[in-house]
Amino acid sequence: MSEATTHSAPALEAPWRASLRAARANVVPGVILWSVGLALVLAYYFHPPTHAVLERITGLRDRLGFGFPVIGTVLCGGILPILYLRRDPAVRDDYRLRNCVFLVLFWAYKGVEIELWYRFLAFLVGHGNDLRTVLIKSFLDQVVYCPLYAVPMTVVGLSFNHAGLKLAPLVADFRAGGWYRRHILPTLIANAAIWVPVVFLVYSLPLSLQTLLFDLVLCFYILMVAHITRRQGRRVS
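Residues numbered from 1 in each chain as written. Predicted model: local features only at pLDDT ≥ 70, side-chain atom pairs only at ≥ 80, totals over all residues. Heavy atoms only, no water.

## Quick word on the overall build of the protein chain
Then, number 1: The number of helices and strands found in the protein chain is eight helices and zero strands.
Then, number 2: Along the protein chain, from the amino end to the carboxyl end, the secondary structure elements read α-α-α-α-α-α-α-α.
Then, number 3: Split into buried and exposed, the 237 residues of the protein chain put 45% on the buried side.
Then, number 4: For the protein chain, the proportion of contacts with a sequence separation of at least 24, taken over those separated by at least 6, is 76%.
Then, number 5: Looking at the protein chain as shown, the accessible area adds up to about 12400 Å², and 71% of this sits on carbon and sulfur atoms. (Helix = DSSP H or I, 4+ residues; strand = E, 2+ residues; numbered from the N terminus. Buried < 20%, exposed > 50% of the residue type's maximum accessible area, 1.4 Å probe, protein only. Contact = heavy atoms within 4.5 Å. Areas by Shrake-Rupley, 256 points an atom, 1.4 Å probe, with all protein chains shown as cover.)

## Here we look at the side chain of E113
Then, number 1: By secondary structure assignment, the location of E113 is in helix 4 (residues 97-125).
Then, number 2: E113 gets classed as buried once you look at its relative accessible area, which sits at 8%.
Then, number 3: Each residue touching E113, except ones within four places of it in the same chain, is listed here: Y145, Y149 and A150.

## Brief notes about the nonpolar core
Then, number 1: Core analysis: the biggest nonpolar cluster contains 48 residues, and W117, Y118, W195, Y203 and L213 have the highest contact counts within it.
Then, number 2: Of all the elements in the fold, those that place two or more residues in this core are helix 1 (15-46), helix 3 (67-85), helix 4, helix 5 (131-162), helix 7 (179-202) and helix 8 (207-236).
Then, number 3: Here this core gets 10 residues from one element, more than from any other, and that element is helix 4.
Then, number 4: Not counting residues up to four positions away in its chain, the partners in contact with L213 are G37, L40, V41, L201, V202 and L205. (Core = buried A, V, L, I, M, F, W, Y, C linked by side-chain atoms within 4.5 Å.)

By themselves, these figures tell us nothing about what the structure is for.
Set out below in structure tokens:
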């Protein structure tokens, strides 16, 4: 499952050009994130101490139920990035208490959504980790779930927060026409360099560990984007 972030681009630049440029910029950071995910997958299958630790985490997940993905996604998608971003005086005002509360609730919802999606795919395609099963799940994730629901909902949620929790700017942007072409398609293209390989790794793990890997990569991903944004802001100034 991919999350919605693209790099800033000149106002007159075509959306598809901006997204391709962002995708190229994401390749090197993507390799780092792939390495994190691949290391976890290989350690689970070939490093007995890591396997034992992850099995204990699986037991905790079984006891917490939906609480496990909610806590993980809130922590990795909301709390840690908020703490990081609030260190920057230039953006601190964008993360006031009400914005932080909204983001925590938003990522709690995303945790439930992602867990339900992973469970649905396990029911639909099976619990296996063979190549055929992983490829089918990855295809459904990136070609159906993300473009039709996950990314649009994430863009709306994060845009709502960025607009100061006001609906009017979002409604005006939607009424301007071409909303999907301007926001969703560029995001999908830009993030493909990172999230297409990641979801393949996610579905290579058992269902009980899939949200764990997603959350770990999500945390690094959001912090990476925040770092790039901060660096670009310093260059512009």
